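A closer look at the structure
Chain by chain, the residues:
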Amino acid sequence: MAIIIEIFWTFFKIGAFSFGGGYAMIPFIQREIVSVHQWLPKEEFIDVLAISQVTPGPIATNASTYVGYKIAGLLGAFAGTSGVIGAAFLLALFISGRFEKVKHLPQIKLMFKGLRPAVLGLIFSAGLTVGFATVTSYKELGIACFSFVSIVKFKMHPILTIAISGCMGLILF
Amino acid sequence: MMKLFGIFFKIGLFTLGGGYAMVPVIEEEIVEKNKWMSEDEFLDVLAMAQSLPGPLAVNTATFVGYRLKKSRGAVICCLGTVMPSFLIILIIASFLTGLYQNPLVIKFFMGIRPAVAGLILTAVFKLKKGIDASLFSIVMVLMAIACVGIMAWSPIIVILVAAFSGIYIYPHTKWRV
């Protein structure tokens, strides 16, 4: 039971401090799951990120379901998922009733003047961390560059990029 | 009620890539098809959802649900959005454990892993647009990289410092471009 509570609490924290959606959550999730709790090895965590890209739903909820299931089965999956959406849900519910009052608070705009560039730095760090963990030869470097260029320059859909990269893996390794 | 759950289940099921991909789909269902909200109302909801922590789709679904049917609506919409990905990941997680022994699967994932690094870095370029080019922004970016990327501190510290700096330091900076 202790592990179920720990899963819930860990993902509750992740959900509560994640601004900027999607990728911004990666450094949080990675730190908690790979470094602090060592629930997944780094490679499997990166696989979960890739799976999240090709399945529907937010990355954070996908990761929480996967990790919860790995550690404690169905109950763990449930604890992780409800944890990660818990803070968002409660806060949204709380504000819903006071929507008109909160809508025009100037502090919220200002807060984002600081949060946006910080989130950018966080995502950049996440990209580098994953890069250092996965790129061990020129082959991996080539795939990483392909994925970056195909999306930024050629506007390829991320799902297609991932599928092609997987096939490159079949050929190269 | 069932209709509301069904609509958000569909939204959760058919939006790959999460978060922002869901917004136009939610808008179509709520504003255009069912006329539960005006366009302006929806934009307000969206702005507020973006200011809150947590997955954007969950925030938006909760707001819309509350608007329509109070707390019960909020619960129904939130559950509907999350349910599809929850079920799909459960299925994948239960199969993947066995598949990890397959050499072809291993090679496939070896190709995917470095691609994920490239993918994450593309998000940096997309986000760049929403940030004003000022010394303040640069300091915030470097602060985040130094604390999390180099020192491996908790990102929570960065988020708190950045939010407070935005409110209390940003208005007094004269370095805006």
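This structure is a prediction, so every number in the text was calculated from the model and none was measured. Note that residues are indexed from 1 along each chain, following the sequence as it is written. Chain labels run from A onward and ligand labels from 1 onward, assigned in the order the entries are written. For a predicted model such as this one, the threshold for reporting local features is a pLDDT of at least 70, and the threshold for listing and counting side-chain atom pairs is 80 or more; totals across whole chains, interfaces and linings nevertheless cover every residue.

Looking now at the overall build of chain A. Comment: elements are numbered from the N terminus, with helices defined as DSSP H or I runs of at least four residues and strands as E runs of at least two. Looking only at helices and strands, one finds eight helices and zero strands in chain A. Secondary structure of chain A in N-to-C order comes out as α-α-α-α-α-α-α-α. Once the C-alpha set of chain A is aligned to its principal axes, its extents read approximately 55 × 40 × 25 Å. Relative to its 173 residues, chain A shows a buried fraction of 60%. Long-range pairs, those at least 24 residues apart, make up 59% of the contacts in chain A with a sequence separation of at least 6. Using C-beta atoms placed from the backbone, we call a residue buried if 20 or more other C-beta atoms fall within 10 Å of its own, exposed if 12 or fewer do, and partly exposed for counts in between. A pair of residues counts as a contact when their C-beta atoms, built from backbone coordinates, are within 7 Å of each other.

This brings us to the overall build of chain B. Within chain B, the regular secondary structure consists of seven helices and zero strands. Ordered by position in the sequence, the α and β elements of chain B form the string α-α-α-α-α-α-α. A compact globule built from 177 residues would reach a C-alpha radius of gyration of about 16 Å, whereas chain B, at 20 Å, exceeds it by more than 25%. Over its C-alpha atoms, taken along the principal directions, chain B stretches across nearly 55 × 55 × 25 Å. Within chain B, the fraction of its 177 residues that count as buried is 42%. In chain B, the share of contacts with a sequence separation of at least 24, taken over all contacts with a separation of at least 6, comes to 46%. Each radius of gyration reported is based on C-alpha atoms, and the globular scaling rule is 2.2 Å times the count of residues to the power 0.38.

A word on the packing of helix α7 (residues 138–152) of chain A against helix α5 (residues 103–127) of chain B. In contact at an axis separation of 7 Å, α7 of chain A and α5 of chain B are set at 40° when each is read in the N-to-C sense. If you check the angle between α7 of chain A and α5 of chain B, you find them oblique. Once α7 of chain A is placed against α5 of chain B, the crossing between them reads as right-handed. Packed against α7 of chain A, whose contacting residues are E140, I143, A144, C145, S147, F148, I151 and V152 of chain A, the element α5 of chain B presents G111, P114, A115, A117, G118, L119, L121, T122 and F125 of chain B at the interface. Gly is put with the polar residues, along with every residue not named as nonpolar or charged; the nonpolar set is Ala, Val, Leu, Ile, Met, Phe, Trp, Tyr, Cys and Pro, and the charged set is Asp, Glu, Lys and Arg. In terms of residue class, the contact of α7 of chain A with α5 of chain B is built from twelve nonpolar, four polar and one charged. Lines fitted to C-alpha atoms define the axes here, with helix axes fitted over just the stretch in contact, and angles between the N-to-C directions of these axes take values from 0 to 180 degrees. Oblique is the label for any angle not under 35 degrees, not over 145, and not in the 65 to 115 range, which are roughly parallel, roughly antiparallel and roughly perpendicular in turn. For any helix crossing, the convention is left-handed if the near helix is rotated counterclockwise from the far helix by under a right angle, and right-handed if that rotation is clockwise.

Of the residues lining the interface, 89 residues belong to chain A; the matching set on chain B comes to 80 residues. If you tally residues by element for the side of chain A that touches chain B, the top one is helix α6 (residues 106–134) of chain A, at 24 residues.

Moving on: the domain arrangement of chain B. Residue ranges assigned to each domain were obtained from an automatic or database domain assignment. Here chain B is described as being made up of domain 1 (2–98) and domain 2 (131–172). Domain 1 of chain B and domain 2 of chain B are separated by 30 Å when their C-alpha centres are compared.

Here the focus is the environment of G65 of chain B. Residue and element names in this part refer to chain B. By secondary structure assignment, the location of G65 is in helix α4 (residues 56–99). Residue classification places G65 among the buried residues on the basis of 28 C-beta atoms within 10 Å. Between the alpha carbons of G65 and F8 there is a distance of 9.6 Å; along the sequence they are 57 residues apart. Ignoring anything within four residues of it in the chain, the contact list for G65 reads L4, G73, A74, I76, C77 and C78.

To continue, consider helix α4 (residues 59–96) of chain A. Residue and element names in this part refer to chain A. Expected span of a helix, by definition, is 1.5 Å for each gap between consecutive residues, and there is one gap fewer than residues. The end-to-end C-alpha distance of α4, which contains 38 residues, comes to just 25 Å, noticeably less than the 56 Å that a straight helix rising 1.5 Å per residue would cover. Bend is computed residue by residue as the angle between axes fitted to the seven residues ending at the residue and the seven residues starting at it. Residue A72 marks the point of greatest curvature in α4, where the axis turns by about 150°. In terms of residue burial, α4 counts as a mostly covered element, since 29 of its 38 residues are buried.

Before going further, it helps to examine the nonpolar core. If you look at the biggest cluster of nonpolar residues, it comprises 106 residues, and the most contacted ones within it are L115, A118, L122 and I123 of chain A together with V116 and I120 of chain B. In terms of residues, this core owes the most to one element, α4 of chain A, which gives 17 residues. The contact partners of A118 of chain A, leaving out residues within four places of it in the chain, are M140, M143, A144, V158, I159 and A162 of chain B. The nonpolar core is taken to be a set of buried Ala, Val, Leu, Ile, Met, Phe, Trp, Tyr and Cys residues joined by way of C-beta atoms within 7 Å.

In this section: the confidence of the model for chain B. Reading fine detail from the predicted coordinates is not recommended where pLDDT is low. In this model, chain B carries a mean pLDDT of 85, and residues with pLDDT of at least 70 account for 94%. Across the assembled chains, the prediction reports ipTM 0.83 with pTM 0.83. Predictor confidence is given residue by residue as pLDDT, running from a minimum of 0 to a maximum of 100.

What follows covers the environment of G131 of chain A. The topology assignment puts G131 of chain A in helix α6. Judged by the 20 C-beta atoms lying within 10 Å of it, G131 of chain A is buried. Non-local contacts of G131 of chain A, meaning those with residues more than four positions away in its chain, are made with A144 of chain A together with A117 of chain B.

This part takes up the confidence of the model for chain A. Chain-level statistics for chain A give a pLDDT mean of 88 and a share of 98% at 70 or above. Mean pLDDT across the secondary structure elements of chain A bottoms out at helix α5 (residues 99–102) of chain A, with 73, and peaks at α7 of chain A, with 94.

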